[in-house]
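Structural characterization, general
This is what each chain is made of:
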Amino acid sequence: MSDNKKQEKDFTSEVDALLPETASLAKAADPKSTTTLVKTITEYCYNARDFDSLNSNISILSKKHGQLKSVIQAMVEQAMGWLEDIRQKEGDKQWLQLVETLREVTEGKIFLETPRARVTLLLSRYHEDLYSKSTSVEEKRKSLETSSELLSDLQVETYSSMERREKTEFILEQMRLLIAVARQKDDTAKAEGKDSLAGGDAEWVKARVGGRKVNESFLKEAENEDLKLKFYDLMIQHALHQSSYLDVAKYYHKVWETPSIKDDVNDKGKAALEHIVYYIVLSPHDNEQSDMLNRIYVNPALEKLQLHYNLVKCFVTRELMRWPGIIELYGEFLRATPVFSIEKRWEDLHTRVIEHNVRVVAAYYTRITLSRLTSLLDLDRKQTEETIARLVVGKTIWARIDRPAEIVTFRSQRSAEDVMNDWSSDMQKLLGLVEKTWMGMNAAQAAQSRIKAS
């Protein structure tokens with residue numbers, strides 16, 4: 001494009017005449033004059049559309065002995081201002097040359113870490129555009145990986161000269177590209193029948209590490225709401241990959257607490273609350289899950305979603321849930337949602353219902369026959385034993401299975417010391433009640449004596 005354009009004026013002689021002056025001004029430590037001179041030299045080259053000279057002079061001027069930091073910084077910022085114009089008028093080739101020159105000049109210089117990060121972001125987006133335009137699978141893979149690697153090399157969380165918002169935007173962009181690369185590697189490994197080590201596990205780990213670099217209290221500020229939603233969307237993707245349903249529920253709860261989302265009760269707010277319910281009931285039972293489930297259950301907003309309210313109520317109430325009944329009441333609706341359209345999550349919901357039923361039985365029964373327990377759980381004997389074993393290992397319940405007698409015991413055998421401790425405690429309570437009653441009777445008698453005496 002630029003080869004066919006006629007050069008309006010040759011500034012080579014002017015540039016050559018000005019170059020020696022930069023050395024003397026640098027030695028004199030005159031930042032204002034040196035900055036003006038350096039910017040004039042690069043502007044001559046830019047106006048002449050002589051980009052080879054522009055790149056060469058930027059490199060030479062930045063490497064001059066004793067060159068002032070403020071001068072180099074002003075020159076780099078001036079050149080960055082031309083990038084968009086050069087790309088539009090001269091094409092990607094000249095633009096890439098200037099970008100690489102700026103990256104070379106800014107490399108290893110702490111005072112230029114922010115300009116370097118911004119130029120690298122532009123280059124990363126260029127490679128991502130190549131990914132979207134490419135038709136070759138191999139080219140798409142290389143372009144996306146290059147785009148991610150360029151940004152991942154930047155440790156922006158340590159940059160003191162960068163604003164917190166811009167820093168957060170960089171980290172979120174790093175996470176987004178890492179997740180995209182991880183998905184691409186996972187798909188490739190799955191198609192080739194390789195194990196998970198050949199997939200994107202490393203990128204998933206890096207994305208999680210990137211999430212820890214984000215200050216969540218900073219995201220709570222009203223002006224950073226867009227960053228907050230983007231951050232939790234990325235964290236939800238990571239948690240879903242790990243099948244960490246409780247984390248997904250917590251992230252959706254953070255999204256739902258956002259004022260703009262919570263006020264939109266018919267669209268985004270409703271969708272966020274629905275997803276909280278889906279993933280909290282999918283989460284394995286523990287103290288944290290139970291606490292969150294009960295807090296959601298008593299929230300007035302949930303009562304507006306009658307079906308979801310009833311579903312949560314089933315898990316909160318200590319009553320048996322028969323799986324055929326759950327399918328009849330909620331199956332058609334839940335299976336139509338994106339969450340439960342995936343077979344694995346539907347099976348996980350069945351598992352959570354079974355575990356709930358086992359906890360209910362353990363709460364009401366000391367001992368129960370294995371045949372009766374299998375009928376209550378709507379399972380066969382093998383599935384019942386596996387479920388009990390899993391809950392015992394997870395320390396959700398205490399249980400022992402006597403296979404010859406086919407009896408399941410849900411209460412541990414108490415030692416003599418435990419029995420005596422309970423007896424001692426009960427006796428103390430009894431004596432306390434006797435003493436309280438005796439004192440009350442004495443007070444009543446004293447009051448009656450005073451009445452008679454008067």
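Source: prediction; values computed, not measured.

**A word on the packing of aromatic side chains**
- A complete count under the given rule lists 10 aromatic pairs for this structure.
- Seen from their ring centres, Tyr252 and Tyr279 are 6.0 Å apart, and the 5° between their planes marks the pair as stacked. One end of the pair, Tyr252, is in helix 13 (residues 245–256); the other, Tyr279, is in helix 15 (residues 268–282), with 27 residues separating them in the sequence.
- For Tyr252, a relative accessible area of 17% corresponds to the buried category.

**Focus on the pattern of salt bridges**
- A full pass over the atoms with the stated rule returns 27 salt bridges.
- In this structure, Glu128 engages Arg176 in a salt bridge whose closest nitrogen and oxygen atoms are separated by 2.9 Å. On the criterion of sequence distance, the pair formed by Glu128 in helix 7 (residues 113–133) and Arg176 in helix 9 (residues 164–192) is long-range, its members being 48 residues apart.
- Between Arg141 and Glu145 there is a salt bridge whose closest N-O contact spans 3.2 Å. Of the two residues, Arg141 and Glu145 both sit in helix 8 (residues 137–152), 4 residues apart, roughly one turn of that helix.
- By relative accessible area, Arg141 is classed as partly exposed at 27%.

**So, helix 15**
- For helix 15, spanning 15 residues, the distance from its first C-alpha to its last is 21 Å, which sits close to the expected 21 Å at 1.5 Å a residue.
- Judged by how many residues are buried, helix 15 sits mostly within the fold: 12 of 15 residues are covered.
- Among the residues of helix 15, those classed as buried are Gly269, Ala272, Leu273, Glu274, His275, Ile276, Val277, Tyr278, Tyr279, Ile280, Val281 and Leu282.

**Notes on helix 17 (residues 306–316)**
- Within the sequence span of helix 17, burial applies to His308, Tyr309, Leu311, Val312 and Phe315. Down the axis of helix 17, the smallest arc covering the buried residues is 160°, so these residues share one side.
- Looking at the buried residues of helix 17, the elements they touch are helix 15, helix 16 (287–297), helix 18 (323–335) and helix 19 (343–364).

**Looking at the sheet that holds strand 3 (residues 407–409)**
- Here 3 strands make up an open sheet; going across it, the order is 1-3-2 and the pairing antiparallel. On the outer flanks of this sheet lie strand 1 (367–369) and strand 2 (400–402), each paired with one strand and no other. With strand direction ignored, the average angle separating the axes of adjacent strands in the sheet is 20°.
- Pairing analysis gives 3 bridges linking strand 1 to strand 3, with the strands arranged antiparallel. Looking across to strand 3, one finds that Thr369 is bridged to Ile407.
- Contacts between helix 20 (residues 370–377) and the sheet are confined to strand 1 and strand 3, with strand 1 contributing the most and set at about 85° to the helix.

**Notes on the layout of surface pockets**
- Computed from the structure, the second largest pocket encloses a volume of approximately 280 Å³.
- Lining the second largest pocket are 20 residues, with His285, Ser290, Phe315, His356 and Arg359 positioned closest to its centre.
- When contributions to the lining of the second largest pocket are tallied by element, the ones reaching two or more residues are helix 15, helix 16, helix 17 and helix 19.
- Per-element tally for the lining of the second largest pocket: the top contributor is helix 19, with 6 residues.
- Class assignment for the residues of the lining of the second largest pocket results in 9 nonpolar, 7 polar and 4 charged.

**Looking at the nonpolar core**
- Of all hydrophobic cores here, the largest spans 67 residues; its most connected members are Tyr279 and Leu349.
- Excluding anything up to four places from it in sequence, Tyr279 contacts Leu240, Tyr245, Val248, Ala249, Tyr252, Val339 and Arg345.
- By size, the runner-up hydrophobic cluster in this structure holds 28 residues, among which are Ile58, Ala79, Trp82 and Leu102.

**Thoughts on the environment of Cys45**
- Summarising the element assignment, Cys45 is placed in helix 2 (residues 31–47).
- Of the residues examined, Cys45 reaches a relative accessible area of 3% and is grouped as buried.
- Residues Cys45 and Asn55, 10 residues apart in the sequence, show an inter-C-alpha distance of 9.0 Å.

Rules used in this analysis
Residue positions are given per chain, counting from 1 as you read along its sequence in written order. With the structure being a predicted model, the display of local features is reserved for residues of pLDDT at least 70 and the display and counting of side-chain atom pairs for 80 or more, all residues being used for whole-chain, interface and lining totals. Note that water and hydrogens are dropped before the side-chain values are worked out from all heavy atoms of the structure. Ring geometry is summarised as follows: Phe, Tyr and Trp rings, the Trp one being its six-membered ring, pair when their centres sit within 6.5 Å, and such pairs are stacked at plane angles under 30 degrees, edge-to-face over 60 and tilted between the two. Think of it this way: any DSSP run of H or I at least four residues long counts as a helix, any run of E at least two long counts as a strand, and we number them from the N terminus. When a residue's accessible area, from a 1.4 Å probe over protein chains only, is under 20% of the maximum for its type it is buried; when over 50% it is exposed; and in between it is partly exposed. Salt bridges, as used here, are contacts in which a Lys or Arg side-chain nitrogen is within 4 Å of a carboxyl oxygen on Asp or Glu. By this rule the span expected of a helix is its residue count minus one, scaled by 1.5 Å. Our arc is simply the arc of the directions from the helix axis toward the C-beta atoms. Residue contacts are counted whenever heavy atoms from the two residues lie within 4.5 Å of one another. Whether two strands pair comes down to DSSP finding at least two bridges between them. Between N-to-C directions, angles cover 0 to 180 degrees, with each direction set by a line fitted to C-alpha atoms, over the stretch in contact for helices. Here a cavity denotes grid points, spaced 1 Å and computed from the protein atoms alone, that fit a 1.4 Å probe unable to get out, and a pocket denotes an open set having protein on both sides within 12 Å along at least 5 of 7 lines; residues with an atom within 4 Å of a point are the lining. Grid points are joined across faces, edges and corners, and a volume is the space filled by probe spheres set on the points. Residues are grouped as follows: nonpolar covers Ala, Val, Leu, Ile, Met, Phe, Trp, Tyr, Cys and Pro; charged covers Asp, Glu, Lys and Arg; every other residue, Gly included, is treated as polar. Note on terminology: a nonpolar core comprises buried Ala, Val, Leu, Ile, Met, Phe, Trp, Tyr and Cys residues joined through side-chain atoms within 4.5 Å.

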